[in-house]
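Each chain is listed here by its residues.
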Amino acid sequence: MASRSSGVYRLVNITQGRRLDLFEYQGKQLFARHGIPVPSGEIVDTPEAARAAAERIGGTVVVKAQVQVGGRGKAGGIQLAKTPDEAEAHARNILGMDIKDHIVHSVWIEAASEIVKEYYASVTFDRSEKKPLVMLSAEGGMDIEEVARTNPEALATLHVDPLTGFQAHHARWLVFHAGIDEGARSGVVSILQQLYAAFTDLDSMLMEINPLIWTASGDVVALDAKVTIDNNALYRHPDLLALQTSVTDDPQERMAQEKGVTYVKLDGDVGILGNGAGLVMSTLDVVALAGGRPANFLDAGGGSKADEVVAALEVLLSDPKVKVLLINIFGGITRCDEVANGLLTALDKLNATLPIVVRLDGTNEDEGRRIISEKAPANVVVEPTMLSAAQRAVELAKGV
Ligand code: GDP
Ligand code: MN
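Each value, and the rule that gives it
- Residues numbered from 1 in each chain as written.
- Chains lettered and ligands numbered in written order.
- Predicted model: local features only at pLDDT ≥ 70, side-chain atom pairs only at ≥ 80, totals over all residues.
- Heavy atoms only, no water.
- Salt bridge = Lys/Arg side-chain N within 4 Å of Asp/Glu carboxyl O.
- Helix = DSSP H or I, 4+ residues; strand = E, 2+ residues; numbered from the N terminus.
- Buried < 20%, exposed > 50% of the residue type's maximum accessible area, 1.4 Å probe, protein only.
- Pairing = 2+ DSSP bridges.
- Axes fitted to C-alpha atoms, helices over the stretch in contact; angles between N-to-C directions.
- Contact = heavy atoms within 4.5 Å.
- Near = heavy atom within 4 Å.
- Polar contact = N/O pair within 3.5 Å; in protein donor to acceptor, adjacent residues only side chain to side chain.
- Areas by Shrake-Rupley, 256 points an atom, 1.4 Å probe, with all protein chains shown as cover.
- Nonpolar A, V, L, I, M, F, W, Y, C, P; charged D, E, K, R; others polar.
- Domains from an automatic or database assignment.
- Buried area = accessible area lost by both parts, 1.4 Å probe.
- Donors = N, O, S within 2.8 Å, 3.2 Å for Na, K, Ca; no water.

Attention now goes to the pattern of salt bridges. What the rule picks out here adds up to 26 salt bridges. As a salt-bridge pair, Asp-181 and Lys-117 come within 3.1 Å of each other at their nearest N and O atoms. With Asp-181 in the loop between helix 6 (168-178) and helix 7 (185-201) and Lys-117 in strand 8 (residues 115-126), the pair connects residues that are 64 residues apart, well separated along the chain. Accessibility expressed as a relative area gives 22% for Asp-181, which makes it partly exposed. Through salt bridges with shared partners, a single ionic network connects Glu-24, Lys-28, Lys-64, Arg-72, Glu-110 and Asp-224.

In structure tokens form, the structure reads like this:
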């Protein structure tokens, strides 16, 4: 039941705030702009285009699956190709591949590197210290959590005072403590400084290079790139906003992204719409308590206005698995009458025939309930409490 666990995992992410995760090739393009050496390459989405790219790049290339999940190498998503023929064949295999529930829609073709040594470098936030944390290890290429657990002294770490910033001497300290090979030291020192500058300039939450390689020609190069940007800062980076492509193959999740509503698909049949992540999570629990199975997590936001309700309902109603809708709104800043009117507008527009159970509580609740009882079609019922609404929804879903 991989879909279920990933749903729960994403739920955790959502409640922690939204982020923009970039594909490797996007991360590398940002690195290049900040002076970090990366192999040259091209992004393609057909085997034929992979061949053409390999011809242009020349020599041995690497065909790399572009999915936002690690361990692509182990999954067979990274292949060396000595000829354009081979590049085309590998691309044919890799495109469409399922790597840990992520479908490969594009591959990055890049000039192959001759690796002498694989290192690890990253910048992230340490929330408990309230500071950025720079990490460096001479044991790269593998899972860094594993290194941290089994061989913690191989991981050099440094908290950065944001006021003084990350200086050359910090980078030299890390390089020394991580035991980076002598010939690679100056290259690693400059990359760490560029990485930190990129991290702050782009309002990043994570920049990770694993592996950072030392090549046969003596260069230090970022062979992989994992970059996460703080969504709340995207207004400052219109160019990054454009990278915010849909990362999901699920039609409802895609639609929700386009409409800007927070939506996570689950595998039951009771569609859930609430305002506020906490209320939606409680609703999931109450539906489970009533013996039902939630179809989704949909948070229309704390200030749900009529068009937000319309957008949210459009997403819910397009899911064929949803048998009944449970709308659970607590009117704080959101006024219940406004939600009720939004609901009527949405129902009018969307022509929904499935049963809809509504629980409205809080500011202007009487007015909200009156509007629904008087004007809503017969498939809409109002219940006075969250529990009774959940019970009613579950009964309706079971066809009782
Ligand atoms: P990940 O498995 O998703 O982390 O993907 P990476 O981009 O980190 O690649 C995984 C591994 O593939 C690297 O650690 C390298 O050992 C290998 N690899 C990737 N690109 C090249 C390359 O150009 N040349 C060689 N020899 N190995 C490569
Ligand atoms: Mn990697």
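Okay, the sheet that holds strand 3 (residues 61-65) next. What the 4 strands build is an open sheet, ordered 2-7-3-4; its pairing is antiparallel. In the strand order of this sheet, the two ends are held by strand 2 (41-44) and strand 4 (78-81), each with one partner. Put simply, the sheet's adjacent strands are angled 20° from each other on average, direction ignored. Against the sheet, helix 3 (residues 47-57) touches strand 2, strand 3 and strand 7 (107-111), its axis set at about 170° to strand 2. Sheet contacts for helix 4 (residues 84-94): strand 3, strand 4 and strand 7; angle to strand 4, the most-contacted strand, approximately 165°.

Right, let's get into the site of ligand 1. Taken together, 15 residues surround ligand 1, and among them Lys-64, Arg-72, Gly-73, Ser-113 and Glu-118 come closest. Ser-113 places a main-chain nitrogen or oxygen 2.9 Å from an oxygen atom of ligand 1. Glu-118 places a side-chain nitrogen or oxygen 2.6 Å from an oxygen atom of ligand 1. Protein coverage of the free-state accessible area of ligand 1, which is 570 Å², stands at 78%. Taken together, the elements giving at least two residues each to the shell around ligand 1 come down to strand 3, strand 8 and strand 11 (204-215). Partitioning the shell around ligand 1 into residue classes produces 6 nonpolar, 5 polar and 4 charged. If you count residues domain by domain, the shell around ligand 1 takes at least three from each of domain 1 (14-37 + 115-244) and domain 2 (41-111).

On to the side chain of Thr-215. Structurally, Thr-215 is set in strand 11. The class for Thr-215 is buried, based on a relative accessible area of 8%. At 3.0 Å, the side chain of Thr-215 forms a polar contact with the side chain of Ser-217.

Right, let's talk about the domain arrangement of the protein chain for a bit. According to the domain assignment, the protein chain contains domain 1 (14-37 + 115-244), domain 2 (41-111) and domain 3 (250-397). Opposite the 9 residues of domain 1 that make contact, domain 2 presents 8 residues. Between domain 1 and domain 2 lies a buried interface of about 790 Å² when both sides are counted; carbon and sulfur atoms form 48% of it. Together, Phe-23, Glu-24 and Tyr-25 form the three largest contributors to the area buried by domain 1 at its contact with domain 2, with a combined 62%.

Looking now at the coordination of the manganese ion (ligand 2). Listed as protein donors to the manganese ion (ligand 2) are Asn-210 (O) and Asp-224 (OD); their distances from the metal cover 2.2 Å. Remark: Asp-224 occurs in the loop between strand 12 (220-222) and strand 13 (226-230) and Asn-210 occurs in strand 11; sequence separation between them is 14 residues. Given the relative accessible area of 19%, Asp-224 is considered buried.

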